[in-house]
Amino acid sequence: MKKLPQITAILASLVLLSGPGLSSTPPSSQFSKKQIYTSTAIVNQLTYWHYSKRSFNNRLSSQLFDSFLTNLDPRRHALLTSDIQQLEKHRNKLDNQIKKGDLSFSAQAFSLYRKRMQHQLEKTLKDWPSAIKQLDFTKNDRILIDREDAAWPKNQQEADALWQKNIKAMVLNLEMSDKSDKEVTNILKKRLQRQLKNLVEKDSDDVFQIYMNSLSMLYDPHTNYLSPQTAENFNINMSLKLQGIGAVLQHKDEEVNVVRLIAGGPADKQGELWPNDRIVAVGQGSSGEMVDVFGWELDDVVGLIRGNPKSTVRLEIMRGSGSSTKSHLIKIVRDNVKLEDQSAQKAIINVPGNNSTKSKIGVIKIPTFYMDFDAYRRGDRNYKSTTRDVRKLIDELKQESIDGLVIDLRDNGGGSLREAQELTSLFIEHGPVVQIRQSNNSVTPDGKRLKSKYYTGALVVLIDRLSASASEIFAAAIQDYNRGLVVGDQSYGKGTVQALKELPYGDLKITESKFYRVSGESTQHRGVIPDVSLPPLYDKEEIGESTQDHALKWDKISSAPHSKYLNFKPILPTLKQLHEQRIKMNPDFIFQKSILALRQTDEKYLSLNKSVRKAKNKKRDAELLNIENTRRRSKNEKLLSSIAQLEEEESKELKKDRTKINTKKDFYLKEAAYILADSNALLSERCRSKEAPHCQHPVMRHILNKKSGNLFKQDFNQLTRPNTL
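Residues numbered from 1 in each chain as written. Predicted model: local features only at pLDDT ≥ 70, side-chain atom pairs only at ≥ 80, totals over all residues. Heavy atoms only, no water.

Chemist: Looking at this structure, how should I read the overall build of the protein chain?
Modeler: Across its full length, the protein chain carries 22 helices and 19 strands. Going through the 725 residues of the protein chain one by one, you find that 58% of them count as buried. The long-range fraction of contacts in the protein chain, counting pairs at least 24 apart against all pairs at least 6 apart in sequence, stands at 76%. As presented, the protein chain carries roughly 30,900 Å² of accessible surface, and 48% of it is formed by carbon and sulfur atoms. (Helix = DSSP H or I, 4+ residues; strand = E, 2+ residues; numbered from the N terminus. Buried < 20%, exposed > 50% of the residue type's maximum accessible area, 1.4 Å probe, protein only. Contact = heavy atoms within 4.5 Å. Areas by Shrake-Rupley, 256 points an atom, 1.4 Å probe, with all protein chains shown as cover.)

Pasting the structure below:
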């Protein structure tokens, strides 16, 4: 399903957005001189400094016309066809208008939108509560879930009908969340009153920000205009010193969505909040009133979520889409995001073999690529960083005679580029790690310049769809050097670099350069494709750079000279065969595949018939319970009797700190360890049976000295593995 445009800047820790002030209709004359100067400055910055080098011409003007109207009215239920026709004269003129500082189109379009939307809201509130009581939920009505490409209403009557369906959908969603009739009436009334208040109070700052973001995000989704207030909050949030829950949020279509969680933050450790969840209500403490936040400005929602350390905030979130949407209530204790909570950790997994032997596999989990910049600037020789911590953990694991190492980068959204490069230097003798291409097409390779000691043991890098940016640079380098295997799911695909440019009024976060692997391939859009794929945890249609509108595409430049350490190509077919045999009957992987299939939906329409919705929810609950009990039956565990019991069990499991390594229950991590042990054995067997150039490499000699091949029978084409994950 195509995503609606994102019109807000995405910030770390807890996020923001909105312009202050009260005003009536913002005609062009109400835009300040600073805003007018800023609009022309943004055009110049985008034209000369953005990586894509797009021309601001009639084609882009037409796209801006559509983008701004969609951002104003994403559900296409307010503006009429006649309004669009009235505005159509501007379609191919916006490029020339903005270059001259003419912002009249945005003012005119917003005035039309406000007029239409205000009519709907005031009419509904005037008829309250009969506006709800007269709704008929026995009809076989339905509503198009994604109206981004739908036609605009032909007339006011058609717009009124769409509005009625939206009201019905909101009522049903609340009722499906077990709200009483009285609660539904009160919540919806407050929601609509808030929408009306926000609409009336929007001023030139708000319109200007939406208009400039409608333009900037046509270049790519990470290029954003930040108003003065937004820029100030952005800088504060980047320091990770605000008290909150540790989540990256964005505003989309009247809702606040969770983009990702900050590693080691309160929400990450608590475990119940997920990427793609929508926050619909916020409550203070253990019993404070739940405030419905649908339609609120993002900075207002953030204001409710922020608070003093050790205080509690309650979030009501919606998960899923279409008829599979479910409501959840979550309690999170606020706190700062502490560097020590983001630190790398180690563990050991013992992988059994066929002859009562075990392969001892070390694990290092890296939640983020961190560095204590303050301590580093002070000249503190003991400053904390990812690379320094991992080097120490490797030394400790080597003392325990591990047979190989798994670097776990799941859910690692990136961080310091320097640390990604430094970490790679622990595993290669020397050579480039990444190539950075600027908007002027100049390419700079960067990496380990001098030869030095490095860890020569076997290596696997474990990634998932939330592994992004710096994580992708490290994983790609390990893969390109054939230094180790990459295992897991296709990574996020964020391969661009942004810089902040000061403007007369606010700042512009602009994409100036792009990451390329030493192989010459970009990490942008495509991400890193694993050598051995594990069943995905996340739907690629919902999460990842490829889901973003106007994301820069994958491409390729010349490769940088680099070494090849091992040759995995001959063993990959057998390695994958062993992996597939192992997970085919594994109840945990079967469960995960079934759950993902159930979550994925191709529903285009949402039923507005209460009986149909209840039946669909009941069927889905039965399917969930059956999937869980199938897993429990396979593991000889006690079966569950109801969906309520399942939700209670899930809540208990999720509340366990997921930032810690759990070698007993993390079946993805266990499988990565099995794959590493298999790889060692297969490489060793190949070198014993047939001499090859890579067999003399220090990494291969290290593996051979571990005698990993003794774990298996002589003929590796007949290999089998005990299914004891």
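Back to the write-up after that little detour.
Chemist: Is there a simple way to explain unusual backbone geometry in this structure?
Modeler: Peptide bonds are trans in most cases, and residues, glycine excluded, mostly fall at negative phi. The omega torsion across W128 and P129 is 0°, close enough to zero to call that bond cis. Within the secondary structure layout, P129 lies in the loop between helix 5 (104–126) and helix 6 (130–133). In this structure, S401 takes a positive phi of about 55° despite not being glycine. Take S401: it is sitting in the loop between helix 14 (386–399) and strand 11 (404–408). According to the relative accessible area criterion, S401 is partly exposed, its value standing at 43%.

Chemist: Where do I start with helix 2 (residues 58–72) in this structure?
Modeler: Two residues of an α-helix separated by three or four positions point the same way, owing to the 3.6 residues in each turn. Taking 1.5 Å of rise per residue, the 15 residues of helix 2 would be expected to cover 21 Å, and the 21 Å separating its terminal C-alpha atoms lies within 8% of that figure. Here helix 2 lies mainly inside the structure; 11 of its 15 residues are buried. Where helix 2 is concerned, the buried positions are L60, S61, S62, L64, F65, S67, F68, L69, T70, N71 and L72. Against the buried residues of helix 2 lie helix 3 (81–87), helix 4 (94–99), helix 5 and helix 9 (204–216). At the N-terminal boundary of helix 2, the capping side chain belongs to N57, with an oxygen 3.2 Å from the backbone nitrogen of R59. (Expected span 1.5 Å × (residues − 1). Polar contact = N/O pair within 3.5 Å; in protein donor to acceptor, adjacent residues only side chain to side chain.)

Chemist: Can you help me understand the pairing of strand 11 in this one?
Modeler: It is a general feature of regular strands that their side chains alternate between the two faces of the sheet. Counting buried residues in strand 11 gives five out of five residues, a clear majority hidden from the surface. The two faces of strand 11 match: G404, V406 and D408 on one face and L405 and I407 on the other face are all buried. In this sheet, strand 11 lies alongside strand 10 (residues 358–365) in parallel orientation, the contact comprising five bridges. Across the sheet, the residue bridging to G362 is L405, located in strand 11. (Pairing = 2+ DSSP bridges.)

Chemist: Is there a simple way to think about the packing of helix 17 (residues 572–584) against helix 21 (residues 667–689) in this case?
Modeler: Helix-helix packing is characterised by the crossing angle of the two axes and by the distance between the axes. In the contact formed by helix 17 and helix 21, the axes pass within 10 Å of each other and the chain directions differ by 145°. Crossing of helix 17 over helix 21 shows right-handed handedness. Contacts between helix 17 and helix 21 involve T574, L575, L578, H579, R582 and I583 on the former and, on the latter, E671, Y674, I675, D678, S679 and L682. Looking at the contact of helix 17 with helix 21 residue by residue, the class counts come to six nonpolar, three polar and three charged. (Axes fitted to C-alpha atoms, helices over the stretch in contact; angles between N-to-C directions. Left-handed = near helix turned anticlockwise from the far one by under 90°. Nonpolar A, V, L, I, M, F, W, Y, C, P; charged D, E, K, R; others polar.)

Chemist: Any chance you could explain the sheet that holds strand 18 (residues 532–533) here in plain terms?
Modeler: What links the strands of a sheet is backbone hydrogen bonding, and the strands pair in either a parallel or an antiparallel sense. Spatially, six strands are ordered 9-10-11-14-15-18 in an open sheet, and the strand pairing comes out mixed. Looking at strand neighbours, the two that pair on one side only are strand 9 (345–352) and strand 18, the edges of this open sheet.

Chemist: Before we go on, may I ask you to explain the nonpolar core in this structure?
Modeler: Soluble globular proteins: nonpolar side chains tend toward being buried together. Residues I364, L405, V406, I407, F427 and F474 are the most contacted members of the largest nonpolar core, which totals 78 residues. Looking at which element gives the most residues to this core, the answer is helix 21, with 12 residues. Discounting chain neighbours no more than four positions away, the residues touching I364 are A344, Q345, K346, V390, L393, I394, L397, L405, V406, I407 and D408. (Core = buried A, V, L, I, M, F, W, Y, C linked by side-chain atoms within 4.5 Å.)

Chemist: What is the right way to look at the confidence of the model for the protein chain in this model?
Modeler: The predicted coordinates should not be examined in detail at positions where pLDDT is low. With 89% of its residues at a pLDDT of 70 or more, the protein chain shows a mean pLDDT of 87. Every residue in residues 1–28 is under pLDDT 50, and counting partners more than four places away or in other chains gives 133 contacts. (pLDDT = per-residue confidence, 0-100.)

Chemist: Would you mind going over the side chain of Q120 with me for this structure?
Modeler: With respect to the helices and strands, Q120 occurs in helix 5. Owing to a relative accessible area of 2%, Q120 belongs among the buried residues under this scheme. At 3.4 Å, the side chain of Q120 forms a polar contact with the backbone oxygen of A159.

Chemist: What's the story with the packing of aromatic side chains in this structure? I'm lost.
Modeler: Each aromatic ring pair is summarised here by two numbers: the centre-to-centre distance and the angle between the ring planes. Applying the stated criterion across every chain, the model contains 14 aromatic pairs. Ring geometry for Y481 versus Y565: centroids 6.0 Å apart, planes at 70°, classification edge-to-face. One end of the pair, Y481, is in the loop between helix 16 (470–480) and strand 15 (485–488); the other, Y565, is in the loop between strand 18 and helix 17, and 84 residues separate them in sequence. According to the relative accessible area criterion, Y565 is buried, its value standing at 3%. Considering the side-chain rings of F589 and Y668, the 5.1 Å spacing of their centres and the 65° angle between planes classify their relative orientation as edge-to-face. Of this pair, F589 sits in helix 18 (residues 587–599) while Y668 is found in helix 21, placing the two residues 79 residues apart along the sequence. Overall, the relative accessible area of 0% leaves F589 in the buried class. Among the aromatic side chains, those forming a connected cluster through ring pairs are F65, F68, F105 and Y211. Between R631 and the ring centre of F591, over which it is positioned, the NZ or CZ distance is 5.0 Å. (Phe/Tyr/Trp six-rings, centres within 6.5 Å; stacked < 30°, edge-to-face > 60°. Lys NZ or Arg CZ within 6 Å of the ring centre and 35° of its normal.)

Chemist: What is the right way to look at the pairing of strand 16 (residues 496–502) in this model?
Modeler: Relative to strand 17 (residues 507–516), strand 16 runs antiparallel, the two being bridged by seven bridges. Bridge assignment links K501 to a residue of strand 17, and that residue is L508. From the end of strand 16 to the start of strand 17, which pair antiparallel, there are four residues, and G506 there has a positive phi angle of about 95°.

Chemist: Just to check I follow, could you spell out helix 16 for this structure?
Modeler: Taking burial as the measure, the 11 residues of helix 16 include 11 buried ones, the bulk of the element. Burial in helix 16 covers these residues: A470, S471, E472, I473, F474, A475, A476, A477, I478, Q479 and D480.

Chemist: I would appreciate a short explanation of the pattern of salt bridges in the present structure.
Modeler: Pairs may arise between side chains of opposite charge once their charged atoms sit close together. For the structure on display, the rule yields 32 salt bridges. Taking the shortest distance from any N to any O, the salt bridge between K202 and E297 comes out at 2.7 Å. Placement of K202 in the loop between helix 8 (181–201) and helix 9 and of E297 in the loop between strand 6 (291–292) and helix 12 (298–305) is noted, with a sequence separation of 95 residues between them. The exposure class of K202 is buried, given its relative accessible area of 16%. We note a salt bridge from R631 to D588, for which the minimum N-O separation is 3.4 Å. Of this pair, R631 sits in helix 19 (residues 610–634) while D588 sits in helix 18, and the two are 43 residues apart along the sequence. Take R631 and D588: they sit in the same class, and that class is buried. (Salt bridge = Lys/Arg side-chain N within 4 Å of Asp/Glu carboxyl O.)

Chemist: Sorry, what's going on with the packing of helix 19 against helix 20 (residues 643–654) here?
Modeler: Where helix 19 meets helix 20, the axes come as close as 10 Å, and the angle between the chain directions of the two elements is 60°. Put simply, helix 19 runs oblique to helix 20. Between helix 19 and helix 20 lies a crossing of left-handed hand. Here helix 19 contributes D621, L624, L625, E628 and R632 to the contact with helix 20, which in turn contributes I643, L646 and E649. Here the residues of the contact of helix 19 with helix 20 sort into four nonpolar, no polar and four charged. (Parallel < 35°, antiparallel > 145°, perpendicular 65-115°, else oblique.)

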